[in-house]
Amino acid sequence: MRKRLITPTPERIWARGEGWLDVERAAVVEVTSEDKDFPVESAFGSGNAPGWRAAAPGIQTIRLIFDQPQRLRCISLVFEENETGRTQEFVLRWSSNGGSSLNEIVRQQWKFSPPESIREVEEYQVQLSDVTVLELVIKPNIGGGVARASLKNLRLS
């Protein structure tokens, strides 16, 4: 058998100005809770930012309400869990009518098993027009328990 080792392709977190929407200027964010050391706005910053973490365990929601309807082509999410093994589920939904009705984009589960599996990276190519609301609902541990939801990074283009 012929084989060769290759160098892993480094993950790229796009910086603002590289085609990503400046979420902080384009939307109001609603969040069910946040740890004072991990505020939600840090999930929209650079890839080196600590990201957002809920202040309390249980299901959490991050909702973006756009000032002007948006056309979205890509949604990038990064989740990290360095401490607790758990299976997380999230649902990503959007609305074109201010949130009166929400359309599901994806429902995804991921098993974190630190130290081996600590990072979930999801990128969805979409064709959404007139988006007025984007909602992320995170159930941090589908088996129950006291896990807190977190989001390392969220990018939109």
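Residues numbered from 1 in each chain as written. Predicted model: local features only at pLDDT ≥ 70, side-chain atom pairs only at ≥ 80, totals over all residues. Heavy atoms only, no water.

Chemist: What should I look at first to understand the side chain of E89 in this one?
Modeler: Considering the arrangement of structural elements, one finds E89 in strand β4 (residues 86-95). Apart from the residues within four sequence positions on either side, E89 is in contact with R107, Q108, Q109, V137, I138, K139 and I142. (Helix = DSSP H or I, 4+ residues; strand = E, 2+ residues; numbered from the N terminus. Contact = heavy atoms within 4.5 Å.)

Chemist: So what exactly am I meant to see when it comes to the side chain of T132 here?
Modeler: Looking at the secondary structure, you find T132 in strand β6 (residues 119-139). Classification of T132 by relative accessible area gives buried; the value is 14%. Here the side chain of T132 touches G98 through a polar contact of 2.8 Å, landing on its backbone nitrogen. Setting aside residues no more than four positions away along its own chain, T132 makes contact with L64, I65, F66, P69, S95, S96, N97, G98 and G99. (Buried < 20%, exposed > 50% of the residue type's maximum accessible area, 1.4 Å probe, protein only. Polar contact = N/O pair within 3.5 Å; in protein donor to acceptor, adjacent residues only side chain to side chain.)

Chemist: Just to check I follow, could you spell out the packing of aromatic side chains for this structure?
Modeler: To describe a pair of aromatic rings, you give the distance between the ring centres and the angle between the ring planes. Counted according to the given criterion, the structure contains two aromatic pairs. Seen from their ring centres, W110 and F112 are 6.5 Å apart, and the 65 degrees between their planes marks the pair as edge-to-face. Since its relative accessible area comes to 1%, F112 is described here as buried. (Phe/Tyr/Trp six-rings, centres within 6.5 Å; stacked < 30°, edge-to-face > 60°.)

Chemist: Quick question: what am I supposed to make of the pattern of salt bridges here?
Modeler: Side chains that carry opposite charge are capable of pairing whenever their charged atoms lie near each other. Taken as a whole and judged by the stated rule, the model has 11 salt bridges. A salt bridge links K36 to D37, with the nearest nitrogen and oxygen atoms 3.5 Å apart. Under the relative-accessibility criterion, K36 is labelled exposed at 72%. Its relative accessible area of 48% is what places D37 among the partly exposed residues. A salt bridge links R63 to E135, with the shortest nitrogen-to-oxygen separation between them at 2.8 Å. Pair noted here: R63 is in strand β3 (residues 60-80) and E135 is in strand β6, with a separation of 72 residues, a long-range link. The class for R63 is partly exposed, based on a relative accessible area of 27%. (Salt bridge = Lys/Arg side-chain N within 4 Å of Asp/Glu carboxyl O.)

Chemist: For this particular structure, what's the right way to read empty space enclosed by the protein?
Modeler: If you walk through the whole model with that rule in mind, you get two cavities of 30 Å³ or more. By volume, the second largest cavity is sized at about 40 Å³. As for the second largest cavity, its lining consists of I62, L64, L92, L134, E135, L136 and L154. The set of elements that each furnish at least two residues to the lining of the second largest cavity consists of β3 and β6. Element by element, the count of residues in the lining of the second largest cavity is highest for β6, at three residues. Of the residues that constitute the lining of the second largest cavity, the class distribution is six nonpolar, no polar and one charged. (1 Å grid on protein atoms, 1.4 Å probe; cavity = no way out; pocket = protein on both sides within 12 Å on 5 of 7 lines; lining within 4 Å. Points joined across faces, edges and corners; volume = space filled by probe spheres on them. Nonpolar A, V, L, I, M, F, W, Y, C, P; charged D, E, K, R; others polar.)

Chemist: I'm lost on the layout of surface pockets in this one. Help?
Modeler: Estimated volume of the largest pocket: approximately 340 Å³. Among the secondary structure elements, those contributing two or more residues to the lining of the largest pocket are β2 (52-53) and β7 (150-151). Of the residues contributing to the lining of the largest pocket, the split by class is six nonpolar, three polar and seven charged.

Chemist: Is there a simple way to explain the nonpolar core in this structure?
Modeler: Side chains of a nonpolar character, in soluble globular proteins, are inclined to be buried together. Core analysis: the biggest nonpolar cluster contains 31 residues, and W52, L64, L77, L134, L136, L151 and L156 have the highest contact counts within it. At the level of secondary structure, the elements contributing two or more residues to this core comprise α1 (23-26), β3, β4, β5 (103-112), β6 and β8 (153-156). If sequence neighbours within four positions are ignored, L77 has contacts with F90, L92, E120, V121, E122, Y124, L136, L151, N153 and L154. (Core = buried A, V, L, I, M, F, W, Y, C linked by side-chain atoms within 4.5 Å.)

Chemist: Would you mind showing me how to read unusual backbone geometry here?
Modeler: Omega for the peptide link from P114 to P115 comes to 5 degrees, which places this bond in the cis form. Examined against the element boundaries, P115 turns out to sit in the loop between β5 and β6.

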